[in-house]
Amino acid sequence: MESFAEEMSSLGVLGAARKKGKVVMASIFGGTEEEFAEVASRIAPHADWIELNLSCPHAAGYGATIGTKPDLVESVVRAVRAATGMPIFAKIVPSVGLAGLIAKKAVEAGADGITAVNTVGPLAFADASGNALLTNALGGLSGGAIKDIALKCVAEVRSSVHCPIIGMGGISSRGDVESFRRAGAVLFGVGTALWGVPTVELRRFFDSLVSGGPPRPSPPITHRRMRVKEAWGTEKGRVIVLDGNIRSMPGQFVNVWLPGVGEKPFSLALDSPAMLLVKAVGPVSSALCSLEGGSEVMVRGPYGNSYSPTSRCILVAGGTGVAPIFFSLKRFSKGVLCAYIGGRSETELPLLHEMCSMADVRTATEDGSVGSKCLVTDIMDLRGHGGAEFLNCGPEAMLVRVSDIESRVTDPCKIFCIVERHSKCGIGICGSCSLDGYRTCVDGPVFSYRQLLSGRDFGRLKRGASGKAVSLQR
Ligand SMILES: Cc1cc2nc3c(=O)[nH]c(=O)nc-3n(C[C@H](O)[C@H](O)[C@H](O)COP(=O)(O)OP(=O)(O)OC[C@H]3O[C@@H](n4cnc5c(N)ncnc54)[C@H](O)[C@@H]3O)c2cc1C
Ligand SMILES: Cc1cc2nc3c(=O)[nH]c(=O)nc-3n(C[C@H](O)[C@H](O)[C@H](O)COP(=O)(O)O)c2cc1C
Ligand code: FES
């Protein structure tokens, strides 16, 4: 609550939105009437409207735990009404038969509008082998699958209250908007349909909800079962070759899921056969580094944008940043002037030998086990390469220093960085990979240095699992 308020304030979100004639609605949740009221008071200066999450299905003690009990809904709304004078929307559960009553109780207690509906659940989602798809085990269903339920609830709410209704649940086209309008909604919410939509295409997408337009192609979200064909390296860092191809371009990544352990994004180091380079730092990466030939992994993707050189380029990589750089070298070797590769030690660079056979590769390691004993930035000699194009991948602190050096000889729009941010969905709908208003999974991971320079986050702030912005240690 505090972090959110501070960030909203420092970014000046409310002022900027109001200047454009927009409304900022903050969604809040709590476990008791008092908590809801406290959060509402704290958030009120940073929003125009407030939405009470009385419907999230999978957080015990919150959301739907409260929202399925009409009397509790009434007392929460009453407490928030007493705490703030701002417009309140109560977001309700998708319970056909109960939605009208809940909306009535909320409005009687002082709600100005109803948001209908939240996701349908809690449900346990599993793959064909019975593996729980969600780390939390339980989750909510959204998108087209719940549209008919959502429409029924909106119609029920319309027949029991006269306030504005924000209709949502599976809206992805103009036809859907019209269906929700006929059911009684006057405002419309879109979540799941944003899957795979880069930020530059958002306006066109929202325009299509008004004027119509062809449906958008969506990225693949079904997991593909693959086996490890070959793996080498150590338990700290490993090259994993899979038993199939993933048609992709350098810079793109896949989400790799190990049932019972977790799912994380990994850059493709090659597409045919698909190859990954993994450094063990936590549960998923360590489990991947222990895999041998024949082990099974679940893969979805490829996701994200990619890099294709427009002129002769120089590649720079650090640590596992070697993965997409290796892929670029394989794909565009003729256009590569040289590559600078850095790592802690030779064992962290299992693809180095093959890279050296493809291009002029200069290496630096911190322990001096291969190449010069220094950082990659110390060996970069860009004399005679003015105006060249650059592709960098590695830890963000390295990207900042490397790009700074490169920008002395070339324009920032010819410097490209592959940025890794904390990611969950990989398809643009959870927001966890946010970087300066971009969602790195759909807008990146390849960004021009010009784009990165214009923000406040790159090299300074990253987001933790909770979404809180924390300082990025250089
Ligand atoms: C687009 C994209 C591409 C990626 N490509 C690769 C890749 O090719 N190879 C690869 O190994 N990883 C890659 N990652 C990182 C990977 O997705 C995971 O974040 C990482 O493997 C840690 O996951 P975990 O579950 O093992 O540990 P977590 O529990 O997520 O992390 C454990 C701790 O390690 C820290 N940490 C995370 N990554 C690193 C790192 N690289 N070095 C040091 N500390 C770290 C975390 O902040 C945390 O404190 C990529 C990430 C993104 C977003
Ligand atoms: C990834 C994801 C995260 C969501 N998080 C929230 C949330 O934090 N609070 C909330 O009230 N609803 C949340 N929802 C529900 C949506 O806001 C929306 O009510 C629901 O998904 C139906 O709309 P849709 O089909 O357009 O996604 C989430 C939905 C998705 C898919
Ligand atoms: S929006 Fe979910 S990981 Fe990018």
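The structure under discussion appears in the preceding block.
Rules used in this analysis
- Residues numbered from 1 in each chain as written.
- Chains lettered and ligands numbered in written order.
- Predicted model: local features only at pLDDT ≥ 70, side-chain atom pairs only at ≥ 80, totals over all residues.
- Heavy atoms only, no water.
- Near = heavy atom within 4 Å.
- Polar contact = N/O pair within 3.5 Å; in protein donor to acceptor, adjacent residues only side chain to side chain.
- Areas by Shrake-Rupley, 256 points an atom, 1.4 Å probe, with all protein chains shown as cover.
- Helix = DSSP H or I, 4+ residues; strand = E, 2+ residues; numbered from the N terminus.
- Nonpolar A, V, L, I, M, F, W, Y, C, P; charged D, E, K, R; others polar.
- Domains from an automatic or database assignment.
- Phe/Tyr/Trp six-rings, centres within 6.5 Å; stacked < 30°, edge-to-face > 60°.
- Buried < 20%, exposed > 50% of the residue type's maximum accessible area, 1.4 Å probe, protein only.

Re the site of ligand 1
Then, number 1: Lining the immediate environment of ligand 1, one finds 18 residues, of which Lys-264, Pro-265, Leu-277, Lys-279 and Ser-285 sit closest.
Then, number 2: Between Pro-265 and ligand 1, the recorded distance is 2.5 Å, taken from a backbone N or O atom to an oxygen atom.
Then, number 3: In this structure, a nitrogen atom belonging to ligand 1 sits 3.0 Å away from a main-chain N or O atom of Ser-267.
Then, number 4: If ligand 1 stood free it would expose 900 Å²; the protein chains cover 70% of that surface.
Then, number 5: Among the elements of the structure, strand S12 (262-267), strand S14 (274-279) and helix H10 (283-289) are those that each provide at least two residues to the shell around ligand 1.
Then, number 6: Broken down by element, the shell around ligand 1 gets its largest block of residues, 4 residues, from S12.
Then, number 7: Tallied by class, residues from the shell around ligand 1 come to 9 nonpolar, 5 polar and 4 charged.
Then, number 8: Inspection of the shell around ligand 1 shows a minimum of three residues originating in each of domain 2 (224-303) and domain 3 (313-471).

Quick word on the site of ligand 2
Then, number 1: Around ligand 2 sit 13 residues in total, of which Lys-91, Val-117, Gly-143, Gly-170 and Thr-192 are the nearest.
Then, number 2: Between Asn-53 and ligand 2, the recorded distance is 3.3 Å, taken from a side-chain N or O atom to a nitrogen atom.
Then, number 3: Interatomic distance of 3.5 Å between a backbone N/O atom of Gly-169 and an oxygen atom of ligand 2.
Then, number 4: Out of a free accessible area of 610 Å², ligand 2 has 71% covered by protein chains.
Then, number 5: Split into classes, the residues belonging to the shell around ligand 2 amount to 3 nonpolar, 9 polar and 1 charged.

Structural notes on the packing of aromatic side chains
Then, number 1: Tallying each qualifying case throughout the model produces 7 aromatic pairs.
Then, number 2: With a centroid separation of 5.3 Å and an interplanar angle of 80°, the aromatic rings of Phe-29 and Tyr-62 are classed as edge-to-face. You can see Phe-29 sitting in the loop between strand S1 (25-28) and helix H3 (33-43) and its partner Tyr-62 sitting in the loop between strand S2 (49-53) and helix H4 (64-67), a full 33 residues away along the chain.
Then, number 3: On the numbers, 6.4 Å between centres and 75° between planes, the contact of Tyr-449 with Phe-458 is edge-to-face.
Then, number 4: When its relative accessible area of 7% is taken as the criterion, Phe-458 is described as buried.

Interpretation note: all reported values are geometric properties and have no functional meaning in isolation.
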